[in-house]
Amino acid sequence: MKLIIFEASELVNKDMIGKSDPFVKVKFRDQELKSRKVRNTLEPEWNFSANLIVSSSEENSDIILEVYDDDFGKENIIGSYTFSLKQAIKDTDKEAAWHNLVGCKTGKISFSTIYTPD
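Residues numbered from 1 in each chain as written. Predicted model: local features only at pLDDT ≥ 70, side-chain atom pairs only at ≥ 80, totals over all residues. Heavy atoms only, no water.

J.: Please explain the packing of aromatic side chains as it appears in this structure.
T.: For any pair of aromatic rings, the description consists of the separation of the ring centres together with the inter-plane angle of the planes. Evaluation of the coordinates by the stated rule reveals four aromatic pairs. Between Phe23 and Tyr68, the ring centres sit 5.5 Å apart and the planes meet at 15°, which makes this aromatic pair stacked. Here Phe23, found in strand S2 (residues 22-28), pairs with Tyr68, found in strand S5 (residues 62-71); they are 45 residues apart in sequence, far enough to count as distant. Like Phe23, the residue Tyr68 is buried in the burial classification. Three or more aromatic residues joined by ring pairs make a cluster, and in this case those are Tyr81, Phe83 and Phe111. Its guanidinium or amino end placed over the ring of Phe23, Lys34 lies 4.8 Å from that ring's centre, counting from NZ or CZ. Between Lys108 and the ring centre of Trp98, over which it is positioned, the NZ or CZ distance is 5.1 Å. (Phe/Tyr/Trp six-rings, centres within 6.5 Å; stacked < 30°, edge-to-face > 60°. Helix = DSSP H or I, 4+ residues; strand = E, 2+ residues; numbered from the N terminus. Buried < 20%, exposed > 50% of the residue type's maximum accessible area, 1.4 Å probe, protein only. Lys NZ or Arg CZ within 6 Å of the ring centre and 35° of its normal.)

Shown next as structure tokens:
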């Protein structure tokens, strides 16, 4: 399963001075992948590809996207989005779509999924 996380928008600013330095973490079962951070923005463009190892028996498992602010090595969560592997497989090869982050006032994330069965 390939997940392409393009960008986020309207993020809540977690910094006192300047703007957040956002990055995204992809979590699936025991796998965790992390994008690079984009400095001083609430509209980061990551164009980050994450390759997850999945099997069809895990289709009830969730994929979690977490957006963080990198604050001098300290990670402050900005918001997250959770969806099932089943949904990711169903949405494969569709155009990237915007999804609202939870746990924050505003913020959304744009991604697409590409599933290639073994």
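Moving on from the coordinates now.
J.: Please explain the nonpolar core as it appears in this structure.
T.: Across soluble globular proteins, you tend to see nonpolar side chains buried next to one another. Judged by nonpolar contacts, the single largest core of 29 residues is most densely connected at Leu3, Ile5, Val26, Trp46, Ile63, Leu65 and Ile109. The set of elements that each furnish at least two residues to this core consists of strand S1 (2-9), S2, strand S4 (45-51), S5, strand S6 (74-84), helix H1 (85-90) and strand S8 (108-114). When near neighbours in sequence (up to four residues on either side) are disregarded, Leu65 contacts Leu3, Ile5, Val24, Lys25, Val26, Gly79, Ser80, Tyr81, Phe83, Ile109 and Phe111. (Core = buried A, V, L, I, M, F, W, Y, C linked by side-chain atoms within 4.5 Å. Contact = heavy atoms within 4.5 Å.)

J.: Explanation requested: the layout of surface pockets in the structure shown.
T.: Rolled over the atoms, a probe sized like a water molecule indicates the empty space that remains. One number sums up the size of the largest pocket: a volume of about 160 Å³. For the largest pocket, the full set of lining residues is Tyr81, Phe83, Gln87, Ala88, Asp91, Lys94, Glu95, Ala97, His99, Phe111, Ser112 and Thr113. Among the elements of the structure, S6, H1, strand S7 (97-100) and S8 are those that each provide at least two residues to the lining of the largest pocket. Its residues assigned to classes, the lining of the largest pocket shows five nonpolar, four polar and three charged. (1 Å grid on protein atoms, 1.4 Å probe; cavity = no way out; pocket = protein on both sides within 12 Å on 5 of 7 lines; lining within 4 Å. Points joined across faces, edges and corners; volume = space filled by probe spheres on them. Nonpolar A, V, L, I, M, F, W, Y, C, P; charged D, E, K, R; others polar.)

J.: Where do I start with the sheet that holds strand S3 (residues 31-34) in this structure?
T.: Consider a sheet: its strands pair through backbone hydrogen bonds, and that pairing is either parallel or antiparallel. Pairing is antiparallel in the open sheet, where four strands are placed in the order S3-S2-S5-S6. What marks the edges here is a single partner per strand, and that holds for S3 and S6. Strand-to-strand twist of the sheet, defined as the mean angle between neighbouring strand axes without regard to direction, takes the value 20°. As judged from the four bridges shared by S2 and S3, these two strands associate in the antiparallel manner. The partner of Val26 across the bridge, within S3, is Leu33. (Pairing = 2+ DSSP bridges. Axes fitted to C-alpha atoms, helices over the stretch in contact; angles between N-to-C directions.)

J.: Which parts of the structure should I look at to understand the pairing of S2?
T.: Strand residues, when the strand is regular, have side chains that alternate between the two faces of the sheet. By the criterion of burial, S2 is predominantly enclosed, with six of the seven residues buried. Inspection of the sheet shows S2 paired to S5 by seven bridges, in the antiparallel sense. Counterpart to Lys27 in the pairing with S5 is Ile64.

J.: What's the story with the side chain of Asp69 in this structure? I'm lost.
T.: Within the fold, Asp69 resides in strand S5. Buried charge Asp69 goes without a salt bridge, the closest partner of opposite sign being Arg39 at 7.9 Å. With sequence-adjacent residues up to four places away left out, Asp69 is seen in contact with Lys14, Asp15, Ser20, Asp21, Pro22, Phe23, Lys74, Glu75, Asn76 and Ile78. (Lys, Arg positive; Asp, Glu negative; His and termini not counted. Salt bridge = Lys/Arg side-chain N within 4 Å of Asp/Glu carboxyl O.)

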